[in-house]
Amino acid sequence: RVMGGAGRPPPRHRPARVLDAGLGGGEDAAAKRRGGVVGGARADALVLDTAAPALLGLPPSHHLDALVFAGADPAFAEVLVAGKVVMRHGQHLQQQTIAARYTSVMQELWGAAA
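These numbers come from a predicted model, not from an experiment. (Residues numbered from 1 in each chain as written. Predicted model: local features only at pLDDT ≥ 70, side-chain atom pairs only at ≥ 80, totals over all residues. Heavy atoms only, no water.)

Chemist: I'd like to hear about the sheet that holds strand E3 (residues 84–88), residue by residue, with values.
Modeler: If you trace the four strands from one edge of the open sheet to the other, you get E1-E2-E3-E4, paired in antiparallel fashion. Either end of the sheet is taken by a strand with one partner, and the two such strands are strand E1 (45–48) and strand E4 (91–92). In the sheet, E1 pairs with strand E2 (residues 76–81) via four bridges, with the strands oriented antiparallel. Opposite leucine 46, over in E2, you have valine 79 as the bridge partner. (Pairing = 2+ DSSP bridges. Helix = DSSP H or I, 4+ residues; strand = E, 2+ residues; numbered from the N terminus.)

Chemist: Quick rundown of the side chain of histidine 63? Include the residues and the values.
Modeler: Along the polypeptide, histidine 63 turns up in helix H2 (residues 63–69). Here histidine 63 is in contact with Leu48, Thr50, Leu55 and Leu58, once residues within four sequence places are set aside. (Contact = heavy atoms within 4.5 Å.)

Chemist: Go over the environment of alanine 52 with me, naming the residues and quoting the values.
Modeler: For alanine 52, the position within the fold is in the loop between E1 and H2. A relative accessible area of 4% means that alanine 52 is categorised as buried. Along the chain, alanine 52 and phenylalanine 76 lie 24 residues apart, while their C-alpha atoms are 8.1 Å from each other. With residues up to four places along the chain from it excluded, the contact list for alanine 52 reads Pro74 and Ala75. (Buried < 20%, exposed > 50% of the residue type's maximum accessible area, 1.4 Å probe, protein only.)

Chemist: Account for unusual backbone geometry, with residues named and values stated.
Modeler: Its identity is not glycine, yet alanine 82 carries a phi of approximately 55°, on the positive side. Tracing the chain through its elements places alanine 82 in the loop between E2 and E3. Even without glycine at this site, histidine 89 takes up a positive phi of about 55°.

Chemist: Explain the environment of valine 68 residue by residue, including any values.
Modeler: Structurally, the position occupied by valine 68 is in helix H2. With 53 residues separating them in the primary sequence, valine 68 and proline 15 have C-alpha atoms 6.9 Å apart.

Chemist: An account of the environment of proline 60 is requested, with residue identities and associated values reported.
Modeler: By the secondary structure assignment, proline 60 is in the loop between E1 and H2. Distance from proline 60 to threonine 50, taken between C-alpha atoms, is 9.1 Å for residues ten residues apart in sequence.

Chemist: Quick rundown of the pattern of salt bridges? Include the residues and the values.
Modeler: The full count for this structure, using the stated rule, is one salt bridge. A salt bridge links arginine 88 to glutamate 78; its shortest N-O distance comes to 3.0 Å. Note that arginine 88 is positioned in strand E3 and glutamate 78 in strand E2, a separation of ten residues in sequence. What makes glutamate 78 partly exposed here is its relative accessible area of 23%. (Salt bridge = Lys/Arg side-chain N within 4 Å of Asp/Glu carboxyl O.)

In structure tokens, the structure reads:
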């Protein structure tokens, strides 16, 4: 077990504290305040896949810790941006279009370098 200074245990839920600090810093940088869950506010959300290997058997209070430290595979069932689903079942809804465009650009870049 990793200990904090002077033999104290490390702070609990460090990823949550870092996330909160980052969100606060983002607010300051963007000169915008989070509106919370209120009518008319932008809605960005991540929906966890509780069957993801990194989350199995963990209490919900430790899911953020697992997302940050334990899993390499996506653990999101859905991602919403501005209230619209952009990813479902681990795949971006425009994944084929994005992959095709990416492939085209890479071929152009590498073709020019050859």
